[in-house]
Amino acid sequence: MNVRTQVDYCKLNGNDHVELVERVAAHNYHPLPVVVKKAEGVWVEDVDGKKYLDMLAAYSAVNFGHCHKELIDAAKAQLDKVTLTSRAFHNDQLGPLCDELAELCEMEMVLPMNTGAEGVETAIKTARKWGYEKKGVAKDKAKIICCAENFHGRTTTIISFSTDPTCRENFGPFTPGFEVIPYGEIDALKGAIDENTVAFLVEPIQGEAGIIVPPAGYLQQVREICTERNILFIADEIQAGLGRCGATFCCETEPVKPDMYILGKALGGGVVPISAVVSSKNILGVFTPGVHGSTFGGNPLSCAVARKAVEILKRGTYQENAKNMGAYLFEKLRSINTDKIAEIRGRGLWVGVQFKEEAGKARKYCEALMQEGMLCKDTHEQVMRLAPPLCITKDELDWALERMTKVLS
Ligand SMILES: *Cc1c(COP(=O)(O)O)cnc(C)c1O
């Protein structure tokens, strides 16, 4: 037995926390050594009192900024009423959320879950069931097409179609029924579709892969082919959506309308976990009582916060700011005089800075920026991802750009 000495956790400094986590939390992450104790807007403060500008926004879950007053007030108000009923009973927040979210998406029906991965799982189950019951695919033959370098979450089924070996190693056996094709290649999609294909699951911009933007017109061609071949176009907008790309949905910037949106992250305003599949009555109508569910899915606390997030999105101000500040950020980043960067890409306030091989890994730049008071995260070794809260101002971006100029040149 591990004998625990009495610790006053309030007295721990940053290093103590990092050591504690190292000792008692599973090592499934490699975080930067910063221990946040509070945050507001784009700023976070660590346990030692140092302030940082957050240029990651919890992988876009904090699109509206930390501790957004309206979202926190919505949560507090709901906490005093009712937090969980399960779907055994109705609650007075679920219907309004589904109605308001469907309107935001210009779709008809919503199936709420909790995490992004559950949203993706739900989309997969929906597509398969739709395939058997509406399209007439032979029993257990349904195929879903996905893209190389995808990221859709961490469940056993989802990692079954991951192409990242670190996500898969020693987690098999895997779920069959998926075919992986190269991202952004329309002929590969055409070639992969057969009579058993029920859906194409795709990120409109690949986030974890390093903010990979597909060729212009790709998603419109995807739309055409999916309609022509009667397969569902499923857009995983968990990270790309809800303002990040300078519009409510990344697909809108193409513009294109999928058959199904998968939403998560910012849907809960960075306050609560909530995800959702949003689609038509014809598609989500395949569900009947008992075939799918979740104890916490559609709980009144998450729904109340998500309703506020939807209300905020309907005003359009965050989308507008993402578009304008994003354009500014790209312009300024591209003007930094450096020989370390191979490419800068993205959309809205979502930027992937690809480092040249000889410049070394992105992590070391993220660590240096942390020392300078700016937080961001590497992805896929050579890419630094920038995704600040969408409320960021020009002055705050200038502040970050000063640090980046210093570290990158
Ligand atoms: C984060 C993410 C997920 C998974 O969401 P979790 O809430 O972490 O399960 C799925 N798809 C995309 C595109 C994501 O960025």
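See the structure above.
Residues numbered from 1 in each chain as written. Predicted model: local features only at pLDDT ≥ 70, side-chain atom pairs only at ≥ 80, totals over all residues. Heavy atoms only, no water.

J.: Give me the lowdown on the nonpolar core, citing residues and values where you can.
T.: Counting 90 residues, the largest nonpolar core has M55, L101, F200, L333, M384, L386 and M404 as its most contacted members. For this core, the element with the highest residue contribution is helix α11 (residues 300–315), accounting for 8 residues. Core analysis: the second largest hydrophobic core is formed by 28 residues, L111, F178, L232 and V277 among them. (Core = buried A, V, L, I, M, F, W, Y, C linked by side-chain atoms within 4.5 Å. Buried < 20%, exposed > 50% of the residue type's maximum accessible area, 1.4 Å probe, protein only. Helix = DSSP H or I, 4+ residues; strand = E, 2+ residues; numbered from the N terminus.)

J.: Talk me through the site of the ligand; I want residue IDs and the actual numbers.
T.: Close to the ligand lie T115, G116, A117, F151, H152, G153, E203, D236, I238, Q239 and K265, which account for all nearby residues. Within the contact set of the ligand, an oxygen atom lies 2.8 Å away from a backbone nitrogen or oxygen of G116. Contact between the ligand and A117: an oxygen atom at 2.8 Å from a main-chain N or O atom of the residue. Here the ligand, which alone exposes 390 Å², has 81% of that area covered by the protein. Counted by class, the shell around the ligand contains 3 nonpolar, 5 polar and 3 charged residues. (Near = heavy atom within 4 Å. Polar contact = N/O pair within 3.5 Å; in protein donor to acceptor, adjacent residues only side chain to side chain. Areas by Shrake-Rupley, 256 points an atom, 1.4 Å probe, with all protein chains shown as cover. Nonpolar A, V, L, I, M, F, W, Y, C, P; charged D, E, K, R; others polar.)

J.: Tell me what's going on with the pattern of salt bridges, and back it up with residues and numbers.
T.: Tallying each qualifying case throughout the model produces 21 salt bridges. E311 serves as the salt-bridge partner of R315, at 3.1 Å between the closest nitrogen and oxygen. With R315 and E311 both in helix α11 and 4 residues apart, this pair spans about one turn of that helix. The class for R315 is partly exposed, based on a relative accessible area of 41%. The class of E311 is partly exposed, set by a relative accessible area of 37%. The residue K406 makes a salt bridge to E372 at a minimum N-O spacing of 3.0 Å. Of this pair, K406 sits in helix α14 (residues 394–408) while E372 sits in the loop between α13 (362–371) and β13 (374–375); the two residues are 34 residues apart in sequence, bridging distant segments of the chain. Classification of K406 by relative accessible area gives exposed; the value is 56%. Judged by its relative accessible area of 26%, E372 is partly exposed. One network of salt bridges, with partners in common, ties together E70, K308, E311 and R315. (Salt bridge = Lys/Arg side-chain N within 4 Å of Asp/Glu carboxyl O.)

J.: Could you give an account of the state of the cysteines, naming the residues involved and the relevant values?
T.: Enumeration over the complete set of coordinates arrives at 0 disulfides. Considering cysteine sulfurs only, C146 is the nearest to C147, which forms no disulfide, with 7.4 Å between them. On the accessibility criterion, C147 (1% relative accessible area) is buried. Considering cysteine sulfurs only, C146 is the nearest to C167, which forms no disulfide, with 14 Å between them. For C167, a relative accessible area of 10% puts it in the buried group. (Disulfide = S-S within 2.5 Å.)

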